[in-house]
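Reading the structure
Chain by chain, the residues run as shown.
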Amino acid sequence: MDLYIKDAAKLLQTTTRAIRFYEEKGLIYPQKAVDNNYRFFTDQDLLRLHTILALREIGIPVQEIKQLLSEEGMNTRKYLDIQRAALFEKWLEIRDMLGTIDGMVGRTEYSDFSMKDIHKLAQHLKNLKEQRKGWVDKWDFDSWADNFDSHIKQEGHGFNVHQGYDEALAKVVQLVERKENALVVDIGVGTGNLGAKFLQNEGSRVIGVDQSDEMLLECKRAHPEIDTRKGHFLALPLLDEQADAIVSSYALHHLPDKEKLLALEEMTRVLKAGGQICIADLMFVDKSHRKEVMDELQAAGNTEAIAAIEDEYYADCSVLIDWLLGHGYSVDSWQLNDILGIIYAKTEGERY
Ligand SMILES: C[S@@+](CC[C@H](N)C(=O)[O-])C[C@H]1O[C@@H](n2cnc3c(N)ncnc32)[C@H](O)[C@@H]1O
């Protein structure tokens, strides 16, 4: 049943003034009765208001909320998805802050402790926050969603970035051990080509995470069984130690190198002990391999390939492997062609 503003405020435990404010700012647009001009609120209006209040509660500015809710055709699932993604981001921010404070408290025990330590730790926190919040989708993946699958099949003129795509996805599926009732998380799920392959496992659940709403819609359309969630590599919409396996294909190279390590840390957070990570992506074996490939492309005059590679952040596989080995994983890797590699990592009990 539709509610008047007073009843809506009471139900949502807010004030009529706050509701009018969000209306003035263009976040909500309740209809008005023709005879007396009173505003009335439908269930969808109430859900939208509830979302706005929840996001305000965790300190998200009004303008940012307006942006988050700007999409057409919002529905209950989307409102909840937006709230979940925002809450996870906030939760991680608070965890980072607590970790930093713990570090500061720990440092005060040392006799050589000085204010410099505090500044260093505060800077560390600022950097973390900037990295988690700073990523922007400069490629506009929403606009790719419609014809992404046909795009994969197209060969470039001088450079086919998806060369080996099918082979790589098949190898990921082959590498990841199939446990009964496993939870597999596919990050940068896109239209779901990799995640869907794990649905064939008896009892497996697949969560597909992506920062692009349109990709998530396409994924859901093609594979309704995938639990699609808005989120990103640096703030996964999952609680700690939930996943048996984390997979990702052709997505990690959209993060700058430093952020890739933060992404591995975030994967480690949501992975169960004994869990697996398998990443197929555009990468070079190491720095000298990158130089070798780039020199060859240069010599061949392949400017298309050079521009494409430089537009993204192809990984240095050796750096990822070092990080994983240093954090309690056993690791294997394969280079499938000049630019495509696979890393498979497994935790052996305790991680650190
Ligand atoms: C090239 S598509 C690959 C899609 C799919 N994994 C596949 O192999 O077909 C890259 C996907 O990664 C997503 N993506 C890129 N950067 C991301 C980030 N930081 N967090 C989450 N998703 C991201 C994009 O939105 C897009 O859907």
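Residues numbered from 1 in each chain as written. Predicted model: local features only at pLDDT ≥ 70, side-chain atom pairs only at ≥ 80, totals over all residues. Heavy atoms only, no water.

On to the overall build of the protein chain, then. Looking only at helices and strands, the protein chain has 13 helices and 11 strands in total. Expressed as lengths along the three principal axes of its C-alpha atoms, the size of the protein chain is roughly 75 × 65 × 45 Å. The 352 residues of the protein chain split such that 48% are buried. Pairs at least 24 apart in sequence give 67% of the contacts found in the protein chain among residues at least 6 apart. For the protein chain, the exposed surface amounts to about 18500 Å²; the carbon and sulfur share of it is 52%. Taking the 42 positively charged and 60 negatively charged side chains of the protein chain as two groups, their mean positions are separated by 7 Å. (Helix = DSSP H or I, 4+ residues; strand = E, 2+ residues; numbered from the N terminus. Buried < 20%, exposed > 50% of the residue type's maximum accessible area, 1.4 Å probe, protein only. Contact = heavy atoms within 4.5 Å. Areas by Shrake-Rupley, 256 points an atom, 1.4 Å probe, with all protein chains shown as cover. Lys, Arg positive; Asp, Glu negative; His and termini not counted. Charge placed at Lys NZ, Arg CZ, Asp CG, Glu CD.)

The phi dihedral of Asn 181 is positive, around 55 degrees, even though this residue is not glycine. Mapped onto the fold, Asn 181 is located in the loop between α8 (165-175) and β4 (183-187). One non-glycine residue, Glu 241, adopts positive backbone phi at about 50 degrees. Judged by its relative accessible area of 46%, Glu 241 falls in the partly exposed class.

In this section: the site of the ligand. Near the ligand, the surroundings consist of 20 residues, among which Tyr 165, Gly 188, Asp 210, Gln 211 and Ser 249 are the closest. Interatomic distance of 2.6 Å between a side-chain N/O atom of Asp 210 and an oxygen atom of the ligand. Contacts to the ligand include Phe 233, whose backbone N or O atom sits 3.2 Å from a nitrogen atom. In the complex, 99% of the free accessible area of the ligand, which totals 590 Å², lies under the protein chains. Considering only residue class, the shell around the ligand consists of 10 nonpolar, 9 polar and 1 charged. (Near = heavy atom within 4 Å. Polar contact = N/O pair within 3.5 Å; in protein donor to acceptor, adjacent residues only side chain to side chain. Nonpolar A, V, L, I, M, F, W, Y, C, P; charged D, E, K, R; others polar.)

With that settled, consider the pairing of strand β11 (residues 340-347). Within a regular beta strand, the side chains point alternately toward one face of the sheet and then the other, so they alternate between its two faces. In terms of burial, β11 is a largely internal element, 8 of the 8 residues being buried. Taking every second residue as pointing to the same face, both faces of β11 are buried, with Leu 340, Ile 342, Tyr 344 and Lys 346 on one and Gly 341, Ile 343, Ala 345 and Thr 347 on the other. Following strand β10 (residues 329-335), the chain reverses through 4 residues before pairing antiparallel with β11. (Pairing = 2+ DSSP bridges.)

Averaged over every residue, the pLDDT of the protein chain is 91; residues scoring 70 or more account for 98%. Per-element averaging of pLDDT across the protein chain places helix α7 (residues 148-153) at the bottom with 82 and β10 at the top with 98. (pLDDT = per-residue confidence, 0-100.)

Time to look at the side chain of Asn 160. Tracing the backbone shows Asn 160 in the loop between α7 and α8. A polar contact of 3.1 Å, which involves the side chain of Asn 160, links it to the backbone nitrogen of His 162.

Following both chains from N to C, one finds helix α6 (residues 115-134) and helix α10 (residues 257-270) inclined at 90 degrees, their axes separated by 11 Å at the closest point. The angle between α6 and α10 falls in the class roughly perpendicular. Along its contact with α6, which presents Leu 128, Gln 131 and Arg 132, the element α10 presents Lys 258, Glu 259, Leu 262 and Glu 266. Of the residues assigned to the contact of α6 with α10, the class counts are 2 nonpolar, 1 polar and 4 charged. (Axes fitted to C-alpha atoms, helices over the stretch in contact; angles between N-to-C directions. Parallel < 35°, antiparallel > 145°, perpendicular 65-115°, else oblique.)

Moving on to the sheet that holds strand β3 (residues 39-41). Sheet architecture is open: 3 strands sit in the order β1-β3-β2, paired in antiparallel fashion. Bordering the open sheet on either side are β1 (3-4) and β2 (31-32), each of which pairs with just one other strand. Where β1 lies against β3, 2 bridges are found, and the strand directions are antiparallel. Bridging across to β3, Leu 3 finds its partner in Phe 41.

Often, the extent of an interface is quoted as the loss of accessible area upon association of its parts. Under the domain assignment used here, the protein chain contains domain 1 (3-68), domain 2 (87-134) and domain 3 (141-347). Using C-alpha coordinates to define each centre, domain 1 is positioned 36 Å away from domain 2. (Domains from an automatic or database assignment.)

In this structure the tally under the stated criterion is 10 aromatic pairs. With 5.1 Å between their ring centres and 45 degrees between their planes, Tyr 165 and Tyr 250 make a pair best called tilted. Taken together, the positions of Tyr 165 in helix α8 and Tyr 250 in the loop between β7 (243-249) and α10 put the pair 85 residues apart, joining distant regions of the chain. For Tyr 165, a relative accessible area of 8% corresponds to the buried category. In textbook terms, an aromatic cluster arises when at least three aromatic residues are bridged by ring pairs, as seen for Trp 135, Trp 139, Phe 141, Trp 144, Phe 148 and Tyr 313. (Phe/Tyr/Trp six-rings, centres within 6.5 Å; stacked < 30°, edge-to-face > 60°.)

Turning next to the pairing of β7. The buried fraction of β7 is high, at 7 of 7 residues. Of the pairings in the sheet, the one linking β4 to β7 comprises 3 bridges and is parallel in character. Paired with Val 185 across the bridge in β7 is Ile 246. As defined by bridge partners, β7 adjoins strand β8 (residues 271-284) across 6 bridges and the pair is classed as parallel. Directly across from Ser 248, in β8, lies its bridge partner Ile 279.

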